[in-house]
Amino acid sequence: MIELIREIEKALENDNIRCSLGMALTLPDICGIVEFPECKNNVHDRYVGWCEKYLYNQGFSPSTIINLDNPNDIGEKSRIIEPEMCYKLRCAYLHSGNLELNQRKNDSFPKLHLRLTSSNDNGIYISKITSSANGEVTDVHIDARSLIKVLCNSAKEYYENS
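Quantities reported herein were computed from a predicted structural model and do not represent experimental measurements.

Next up on the list: the overall build of the protein chain. Along the protein chain, the regular secondary structure elements total six helices and three strands. Overall, the protein chain shows an N-to-C arrangement of helices and strands of α-α-α-α-α-β-β-β-α. In the protein chain, which comprises 162 residues, the share counted as buried stands at 42%. Considering only contacts in the protein chain between residues 6 or more positions apart, those separated by 24 or more positions represent 59%. Accessible area of the protein chain: about 9,000 Å², with a carbon and sulfur share of 49%.

One non-glycine residue, Asp15, lies in the positive phi region at around 60°. Residue placement: Asp15 occurs in the loop between α1 (2-13) and α2 (17-24). The exposure class assigned to Asp15 is partly exposed, which follows from its relative accessible area of 34%.

Before going further, it helps to examine helix α5 (residues 83-96). Given a rise of 1.5 Å per residue, 14 residues ought to cover 20 Å, and the 20 Å separating the end C-alpha atoms of α5 matches this to within 8%. Counting buried residues along α5, 10 of its 14 residues qualify, which places the element largely inside the surrounding structure.

Moving on, we get to the packing of α1 against α2. For the pair α1 and α2, the least separation of the axes is 8 Å and the interaxial angle reads 155°. Judged on the interaxial angle alone, α2 and α1 are roughly antiparallel. For the element pair α1 and α2, the recorded crossing hand is left-handed. Contacts between α1 and α2 involve Leu4, Ile8, Ala11 and Leu12 from the first element and Ile17, Ser20, Met23 and Ala24 from the second. For the contact of α1 with α2, the per-class residue count stands at seven nonpolar, one polar and no charged.

Another point: the packing of aromatic side chains. The final tally for this structure, using the stated rule, is five aromatic pairs. Among the aromatic residues, those joined into a cluster by ring pairs are Trp50, Tyr54, Tyr158 and Tyr159.

Across all of its chains, the model carries six salt bridges by this definition. Across the pair Glu13 and Lys10 runs a salt bridge whose closest N-O atoms are separated by 4.0 Å. One end of the pair, Glu13, and the other, Lys10, are both in helix α1, three residues apart, so they sit about a helical turn from each other. Here Lys10 falls in the partly exposed class, since its relative accessible area comes to 48%.

Once that is clear, we can look at the side chain of Arg46. Inspection of the secondary structure puts Arg46 in helix α4 (residues 43-54). Although Arg46 is buried, it forms no salt bridge, and the closest oppositely charged side chain is Asp29 at an N-O distance of 4.5 Å. Residues in contact with Arg46, not counting those within four places in the same chain, are Asp29, Gly32, Ile33, Phe36, Cys39 and Lys40.

Here Arg90 shows up in helix α5. A polar atom in the side chain of Arg90 sits 2.8 Å from the side chain of Asp29. The residues contacting Arg90, other than those within four sequence positions of it, are Leu25, Asp29, Val43, Tyr47 and His95.

Before going further, it helps to spend a moment on the packing of α1 against helix α6 (residues 144-161). Each pair of packed helices can be summarised by the angle the axes make with each other and by the distance between the axes. The interhelical angle for the contact between α1 and α6, taken along N-to-C directions, is 165°, at an axis separation of 10 Å. The orientation of α1 relative to α6 falls into the category roughly antiparallel. Handedness of the α1/α6 crossing: left-handed. Seen from α1, the contacting residues are Ile2, Ile5, Ile8, Glu9 and Leu12; seen from α6, they are Arg145, Ile148, Lys149, Cys152, Asn153, Ala155, Lys156 and Tyr159. Considered class by class, the residues forming the contact of α1 with α6 number eight nonpolar, one polar and four charged.

The rules behind these values
Here the residue index of a chain counts from 1 through its sequence in written order. Given that this is a predicted model, residues contribute local features only at a pLDDT of at least 70 and side-chain atom pairs are listed and counted only at 80 or more, while totals for whole chains, interfaces and linings are drawn from all residues. Hydrogens are left out, water is left out, and the side-chain values use all remaining heavy atoms of the structure. Put simply, DSSP marks the helices as runs of H or I at least four residues long and the strands as runs of E at least two long, and each gets a number from the N terminus on. Burial status follows relative accessibility: with a 1.4 Å probe on protein chains alone, a residue under 20% of its type maximum counts as buried, one over 50% as exposed, and anything between as partly exposed. For this analysis, residues touch if any pair of their heavy atoms sits within 4.5 Å. Surface accessibility follows the Shrake-Rupley procedure with a 1.4 Å probe radius. Residue values consider only the protein chains on display as shielding. Take the number of residues in a helix, subtract one, and multiply by 1.5 Å to get its expected span. All axes here are fitted lines through C-alpha atoms, helices being fitted over the stretch that makes contact, and every angle between N-to-C directions spans 0 to 180 degrees. What sets the label is the angle itself: under 35 degrees gives roughly parallel, over 145 gives roughly antiparallel, 65 to 115 gives roughly perpendicular, and the rest give oblique. Each crossing is labelled by how the near helix is turned from the far one, with a counterclockwise turn of less than a right angle marking it left-handed and a clockwise turn marking it right-handed. All residues other than Ala, Val, Leu, Ile, Met, Phe, Trp, Tyr, Cys, Pro, Asp, Glu, Lys and Arg, Gly among them, are scored as polar; the first ten of these are nonpolar and the last four charged. Only rings of Phe, Tyr and Trp enter the pairing, Trp through its six-membered ring, and a pair is recorded when the two centres are within 6.5 Å. The plane angle decides the type: under 30 degrees is stacked, over 60 is edge-to-face, the rest tilted. Any carboxyl oxygen of Asp or Glu within 4 Å of a side-chain nitrogen of Lys or Arg constitutes a salt bridge here. By the counting scheme adopted, Arg and Lys are positive, Glu and Asp are negative, and His together with the chain ends is not counted. We define a polar contact as two N or O atoms separated by no more than 3.5 Å, with the added condition that, inside protein, one atom must be a possible hydrogen donor and the other a possible acceptor, whereas residues neighbouring each other in sequence contribute only through side-chain atom pairs.

What follows is the structure, encoded as structure tokens:
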């Protein structure tokens with residue numbers, strides 16, 4: 001598994017983003033089989049369950065929950081991407097090569113905008129854009145490079161600690 005992660009990271013270093021993204025999106029599948037062996041026939045539940053438990057920002061996103069009254073109280077890490085969004089992206093990309101999620105009105109997560117950037121671009125970005133009156137996040141912009149790194153780091157941490 002660690003060798004697969006290294007290969008994904010090497011592909012990313014070589015600006016082979018689409019291939020590294022495709023393989024990185026399979027990591028929760030692979031890890032999920034180990035974590036939830038009883039869910040052999042339910043790929044969705046296994047994938048989402050693993051992401052729910054392990055897919056945190058790994059330091060690549062400034063979205064950690066911070067208590068403004070006490071800046072030393074970091075609080076819980078927030079996920080870079082919601083598990084259901086990640087699963088839908090996996091399905092859209094691996095089954096049809098589509099980077100846009102086929103989001104429906106009844107989906108309970110924000111609209112995902114995945115950005116493909118080169119290593120020459122000015123850094124990795126993630127932004128949650130709020131546009132509703134109650135402050136609800138309606139759109140999420142994620143750099144594919146950041147998502148790949150988060151998936152790889154989450155899987156690496158999972159296997160090193162299992």
